[in-house]
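Chains, contacts and geometry: an overview
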Amino acid sequence: MQEKGGSTLSDDSRTKTPHVLTVAGSDSGAGAGIQADLKACAARGVYCSTVITALTAQNTIGVQGASNVPEDFVAQQLKSVLSDMQVDVVKTGMLPSVGIVKTLCRTLREYPVHALVVDPVMVSTSGDVLAGPSILSTFREELLPMADIITPNLKEASALLNGMQLETVDDMRSAARLLHNMGPKNVLVKGGDLPDSLDAVDILYNGHNFYELRSPRIRTRNTHGTGCSLASSIAAEVAKGYPMLSAVKVAKRFVETALDYSKEIVIGNGPQGPFDHLLRLKSHSQDCHRQQPFDPSDLFLYAVTDSRMNKRWGRSIVDAVKAAIDGGATIIQLREKDAETKDFLESAKACLRICRLHGVPLLINDRVDVAIACDADGVHVGQSDMPACVARTLLGPEKIIGVSCKTPEQAEQAWVDGADYIGCGGVYPTNTKENNITVGLNGLKTVCMASKLPVVAIGGIGVSNARAVMEIRTPNLKGVAVVSALFDRECVQTETRKLHEVLLGSNIGST
Ligand SMILES: Nc1ncnc2c1ncn2[C@@H]1O[C@H](COP(=O)(O)OP(=O)(O)O)[C@@H](O)[C@H]1O
Ligand SMILES: Cc1ncc(COP(=O)(O)O)c(N)n1
Ligand SMILES: [Mg+2]
């Protein structure tokens, strides 16, 4: 299609949200149609507006009813969105009448967009007719020639080609070539329903080259809406500015991943279930066994590991963590400044299993990548590490983020950045950090008074002085964080237990 008003995706210097407009039917079961398009676009990170062409009463068994939206009201919706909202790509689904197809073509000539993706929806996976044969000639003559890509499944390709038999990959290639002659820039013939095919094979043809796109066939009943989601994902990637081949590849991989992720889910009693587009959100929240939100009282006895100390005493990081938890540690931070990334990740995973078993949160010092990779409960960052606000964006809203702070200004910034707690110190001199300025009990108190976040005190704290620290008695001082006093000792468990008793005796904070 033409470029809109002199601006292309690449030369538009404003920060613009990629925008897909879907012109499709509503599926009450929300597996396909408008609802699938919204979910697919959300999952692919683009904005999606919606022009509804029909309402369907539909579930996992089939389509029980359909009611078309009046043509002039489709026109009105199109105009509302296209005249105002800087649409990049229009994606079409169910277009149930000749009048609606003509209305769409006319409106698109009046409001050109960067690209048009046409999913020529005719029959649902359940076999119900969504747009009858009467629309075929208008599709061929008006809509397909405007399209940057069309994405028919086998039945739709066959219908557009007067009932041509499509049973093999070679048939799909022939169909793609014939459909390309009707005018679309690209044709993607989808082989989800190819009989006897182990792989899910799609054929993309751009008039010059054929691309055979294969992915393993996922064994699942939850394939309702794959076609709509694929077309929307293609539209989303094109709206971001990607070329068509990349857009199709990414979209296909997205559908495959989502199918695989949702192969076991059970929604409805019928043969064709919906799948779950929003897997990325789930993989952080649902698979995470630590479901409680951050509890500041977890800061009570905060054990911070140190690889050099473990080496000195000949124990593994996992042994050290186990012993600290057995002694009563209420939160663990892995601070492995010297470890190789691969080893660190393996140890972190092993520690996490132990922590989960005991309901103790596990944080990773500095390494946000390791925290994400092992699905730890959060991170602790210093003033020169990744800013807490960036860590928050990467980790999502549920993970715990702590920040080391020496001053009220840093404490304020940590709060602004969306941290959950601050670590304040060094309270006393310590040999775990070189050239570390100590803030003393007064500095600790000043920061605690200023901080809107709960505080854990750190630096040179052990059995002998923990009580003095807690006795500054500011309500948001929730506990002490300890390295040497636990891990630079022969028996980690005994030392942790002793410290636990001292803290309980100080009668401040809670367990
Ligand atoms: N079981 C499956 N495993 C993996 N990919 C699939 C599966 N079923 C369909 N696909 C893919 O999903 C997309 C939609 O294809 P298809 O189901 O043929 O379209 P429609 O939903 O329009 O009938 C295609 O990329 C196809 O290869
Ligand atoms: C409103 C509407 N639009 C499109 C489809 C096709 O989706 P699928 O081919 O996955 O059943 C559908 N079933 N309902
Ligand atoms: Mg389809």
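Not measured: the values here are computed from a predicted model.

**A word on the sheet that holds strand β3 (residues 63-68)**
Spatially, nine strands are ordered β3-β2-β1-β4-β5-β6-β7-β8-β9 in an open sheet, and the strand pairing comes out mixed. Strands at the two margins of the open sheet, each flanked by one partner only, are β3 and β9 (210-216). As defined by bridge partners, strand β1 (residues 19-27) adjoins strand β2 (residues 47-58) across nine bridges and the pair is classed as parallel. From the neighbouring strand, Leu21 faces β2, where its bridge partner is Ser49. Of the strands in this sheet, β6 (149-150), β7 (186-190), β8 (199-205) and β9 touch helix α6 (residues 169-180), which is tilted by about 30° from β8.

**Structural notes on the packing of helix α1 (residues 33-44) against helix α7 (residues 226-240)**
Running from N to C, α1 and α7 cross one another at 40°; their axes reach a closest spacing of 8 Å. As judged from the angle between their axes, α1 and α7 are oblique. Judged by the twist between their axes, the crossing of α1 over α7 is right-handed. Packed against α1, whose contacting residues are Gly33, Ala36, Asp37, Ala40, Cys41 and Arg44, the element α7 presents Cys228, Ser229, Ser232, Ser233, Ala236, Glu237 and Lys240 at the interface. Each residue belonging to the contact of α1 with α7 can be placed in one class, and the counts come to five nonpolar, four polar and four charged.

**Topic: helix α2 (residues 71-82)**
Between the first and last C-alpha of α2 there are 16 Å, a value that for 12 residues agrees with the 16 Å anticipated at 1.5 Å per step. Those residues of α2 that fall on the buried side of the exposure criterion are Val74, Gln77, Leu78, Val81 and Leu82. Buried residues along α2 cover an arc of 115° about the axis, so they all sit on one side. Turning to α2, the residues buried within the fold contact β1, β2, β4 (89-92) and α3 (98-110).

**With respect to the UniProt feature "domain: Pyridoxamine kinase/Phosphomethylpyrimidine kinase" (unreviewed entry) in the protein**
Listed under "domain: Pyridoxamine kinase/Phosphomethylpyrimidine kinase" (unreviewed entry) in the UniProt record, and renumbered for this structure, are residues 27-271. Measuring from the first to the last C-alpha atom of residues 27-271 gives 16 Å, for a span that is 40% helix and 20% strand.

**Describing the sheet that holds strand β10 (residues 301-304)**
The parallel closed barrel is built from eight strands, whose spatial order is β10-β11-β12-β13-β14-β15-β16-β17. Across the sheet, the mean angle separating the axes of adjacent strands is 25° when strand polarity is ignored. In this sheet, strand β11 (residues 331-334) lies alongside β10 in parallel orientation, the contact comprising three bridges. Counted as the bridge partner of Val304 is Gln333 from β11. Along the sheet face, helix α12 (residues 341-358) touches β11 and β12 (362-365) and points at about 160° away from the line of β12.

Calculation criteria
Residues numbered from 1 in each chain as written. Chains lettered and ligands numbered in written order. Predicted model: local features only at pLDDT ≥ 70, side-chain atom pairs only at ≥ 80, totals over all residues. Heavy atoms only, no water. Pairing = 2+ DSSP bridges. Helix = DSSP H or I, 4+ residues; strand = E, 2+ residues; numbered from the N terminus. Contact = heavy atoms within 4.5 Å. Axes fitted to C-alpha atoms, helices over the stretch in contact; angles between N-to-C directions. Parallel < 35°, antiparallel > 145°, perpendicular 65-115°, else oblique. Left-handed = near helix turned anticlockwise from the far one by under 90°. Nonpolar A, V, L, I, M, F, W, Y, C, P; charged D, E, K, R; others polar. Expected span 1.5 Å × (residues − 1). Buried < 20%, exposed > 50% of the residue type's maximum accessible area, 1.4 Å probe, protein only. Arc of directions from axis to C-beta. UniProt positions renumbered as here; feature names shortened; annotations may be inferred.

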